[in-house]
Amino acid sequence: MEKSFVKVPKMGPVIAIDGPAGTGKSTATRRLADQLGFVHVDTGALYRAIGFLVLEKERVEPAVDFVASAVDVARSVHLEFQRSPEKNPANRIFANGRDLTDLIRTPQVTMTASRVSSIPEVRAALLGLQRRLGCQGRAILEGRDIGTVVFPDADVKFFLNASVDERAKRRLIELEAAGSDAPSFEEVKAQIVERDRGDSTRAVAPLKKAQDAIELDTSQLTLDQVVATMEKLIVERL
Ligand code: DC
């Protein structure tokens, strides 16, 4: 088990769900949190919020150094989640009081989030917040390094995976449903491969399965099957 950087005691069970994009991780986590009455912490939204703010800053000051700018944003911004049941999604991310939820899913923010997430100082700046959110207990955190770095002491850990083709297919369906100008299958697949490469090869907290995580390949499973399998394992272990 890798070492945790921040020692805050857990006040209840914590579940860690890691894995690359397109494995059904986010939807499964949302559904599990609802069914179990747990808080859902989407840690990717934190990196996306930083990515969005850096891009916004770049528009005003184009010459500014990317890494310095990302570190500055990560250290100074106040990030928090709030639930707004009347909105979709209900789990909202706020940066300095501003709701960024509907602005952080564009392809440009997605790629920038991956870039900022490779900067060690950005990861360090977000670690305490993630740890505090989970330590309240009855929390499910999803991300890339939850079981390895943020909560090596999580009560149940999952690592979801799926073939690149299947993940690209799912992503394309999502993009088409969102009404965006759908790119080709090959373009979506290339972007997934590129993001996986960045997320898995970065020096700090790369995407990797914790030794004690339960690995689940979702390529051949429906979302209902994924959720049912995970829920059964969680109930057995808690
Ligand atoms: O899960 P997502 O696609 O919303 O995450 C956006 C980016 O943030 C992704 O490229 C990986 C990064 N990330 C990370 O490095 N560590 C996390 N715990 C969560 C996300």
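Residues numbered from 1 in each chain as written. Predicted model: local features only at pLDDT ≥ 70, side-chain atom pairs only at ≥ 80, totals over all residues. Heavy atoms only, no water.

### Observations regarding the pairing of strand S6 (residues 139–143)
Right, so step 1: In terms of residue burial, S6 counts as a mostly covered element, since 5 of its 5 residues are buried.
Right, so step 2: Pairing of strand S1 (residues 14–18) with S6 involves 5 bridges; the strand directions are parallel. For Ile17, the partnering residue across the bridge sits in S6 and is Glu142.
Right, so step 3: Bridging between strand S2 (residues 39–42) and S6 involves 4 bridges; their strand directions are parallel. Paired with His40 across the two strands is Ile140, which belongs to S6. (Buried < 20%, exposed > 50% of the residue type's maximum accessible area, 1.4 Å probe, protein only. Helix = DSSP H or I, 4+ residues; strand = E, 2+ residues; numbered from the N terminus. Pairing = 2+ DSSP bridges.)

### A closer look at the environment of Gly97
Right, so step 1: Summarising the element assignment, Gly97 is placed in the loop between strand S4 (91–95) and strand S5 (98–99).
Right, so step 2: Look at Gly97 and you get exposed, because its relative accessible area is 52%.
Right, so step 3: In sequence terms Gly97 and Lys169 are 72 residues apart; their C-alpha atoms lie 36 Å from each other.

### Description of the pairing of S4
Looking along a regular strand, one sees side chains alternate from face to face of the sheet.
Right, so step 1: With respect to burial, S4 is a largely interior element, 5 of its 5 residues being buried.
Right, so step 2: Residues Asn91, Ile93 and Ala95 line one face of S4 and the alternating positions Arg92 and Phe94 line the opposite face, and both faces are buried.
Right, so step 3: As paired elements, strand S3 (residues 79–83) and S4 share 5 bridges and run antiparallel to each other. Looking at the pairing, Arg83 lines up with Asn91 of S4.
Right, so step 4: Pairing of S4 with S5 involves 2 bridges; the strand directions are antiparallel. By the bridge assignment for S5, Ala95 is matched with Arg98.
Right, so step 5: Between S4 and S5, which pair antiparallel in sequence order, lie 2 residues; one of them, Asn96, sits at a positive phi of approximately 45°.

### Structural notes on the side chain of Arg48
Right, so step 1: Within the secondary structure layout, Arg48 lies in helix H2 (residues 43–60).
Right, so step 2: Here Arg48 is buried and forms no salt bridge, its nearest opposite-charge partner Asp42 lying at an N-O distance of 6.3 Å.
Right, so step 3: Within the structure, the side chain of Arg48 is placed 2.9 Å from the backbone oxygen of Ile104, a separation counted as a polar contact.
Right, so step 4: Once residues within four sequence positions are removed from consideration, Arg48 is found in contact with Ile104, Arg105, Val109, Thr110, Ala113 and Arg195. (Lys, Arg positive; Asp, Glu negative; His and termini not counted. Salt bridge = Lys/Arg side-chain N within 4 Å of Asp/Glu carboxyl O. Polar contact = N/O pair within 3.5 Å; in protein donor to acceptor, adjacent residues only side chain to side chain. Contact = heavy atoms within 4.5 Å.)

### Re the sheet that holds S4
Right, so step 1: Across the sheet, 3 strands lie side by side as S3-S4-S5; this open sheet has antiparallel pairing. The sheet is open, and its two edges are formed by S3 and S5, each paired on a single side.
Right, so step 2: The sheet contacts of H2 involve S3, S4 and S5, and relative to S3 the element is tilted by about 120°. (Axes fitted to C-alpha atoms, helices over the stretch in contact; angles between N-to-C directions.)

### Describing the nonpolar core
Right, so step 1: Core analysis: the largest hydrophobic core is formed by 42 residues, its most contacted members being Ile50, Leu79, Val122 and Phe151.
Right, so step 2: Among the elements that take part in this core, H2 stands out by supplying 9 residues, more than any other.
Right, so step 3: The next biggest cluster of nonpolar side chains, apart from the first, holds 18 residues, and it includes Ile15, Ala33, Ile140 and Leu160. (Core = buried A, V, L, I, M, F, W, Y, C linked by side-chain atoms within 4.5 Å.)

### Considering the site of the ligand
Right, so step 1: The ligand sits among 16 residues. The nearest are Arg48, Arg123, Arg144, Asp145 and Arg202.
Right, so step 2: The contact in question runs from an oxygen atom of the ligand to an N or O atom on the side chain of Arg144, over 2.9 Å.
Right, so step 3: In the model, an oxygen atom of the ligand is placed 3.0 Å from a nitrogen or oxygen of the Arg195 side chain.
Right, so step 4: Surface burial for the ligand is 96%, taken as the share of its 450 Å² of free accessible area covered by protein chains.
Right, so step 5: The element best represented in the shell around the ligand is H2, accounting for 4 residues.
Right, so step 6: For the shell around the ligand, the residue count by class is 2 nonpolar, 5 polar and 9 charged. (Near = heavy atom within 4 Å. Areas by Shrake-Rupley, 256 points an atom, 1.4 Å probe, with all protein chains shown as cover. Nonpolar A, V, L, I, M, F, W, Y, C, P; charged D, E, K, R; others polar.)

### Details of the packing of aromatic side chains
Right, so step 1: For the structure on display, the rule yields 0 aromatic pairs.
Right, so step 2: Lying across the ring of Phe66, Arg115 places its NZ or CZ 3.6 Å from the centre. (Phe/Tyr/Trp six-rings, centres within 6.5 Å; stacked < 30°, edge-to-face > 60°. Lys NZ or Arg CZ within 6 Å of the ring centre and 35° of its normal.)

### Regarding the sheet that holds strand S7 (residues 156–161)
Right, so step 1: Read across the open sheet, the 5 strands follow the order S2-S6-S1-S7-S8; overall the sheet is parallel. Single-partner strands in this sheet number two, and they are S2 and strand S8 (214–217). Sheet twist, expressed as the mean angle between neighbouring strand axes with direction ignored, is 20°.
Right, so step 2: The pairing of S7 with S8 spans 4 bridges and is parallel. Counterpart to Phe159 in the pairing with S8 is Glu215.
Right, so step 3: Along the sheet, helix H1 (residues 25–36) makes contact with S1, S2, S6 and S7, crossing S6 at roughly 180°.
Right, so step 4: Against the sheet, helix H5 (residues 120–135) touches S1, S2 and S6, its axis set at about 150° to S6.

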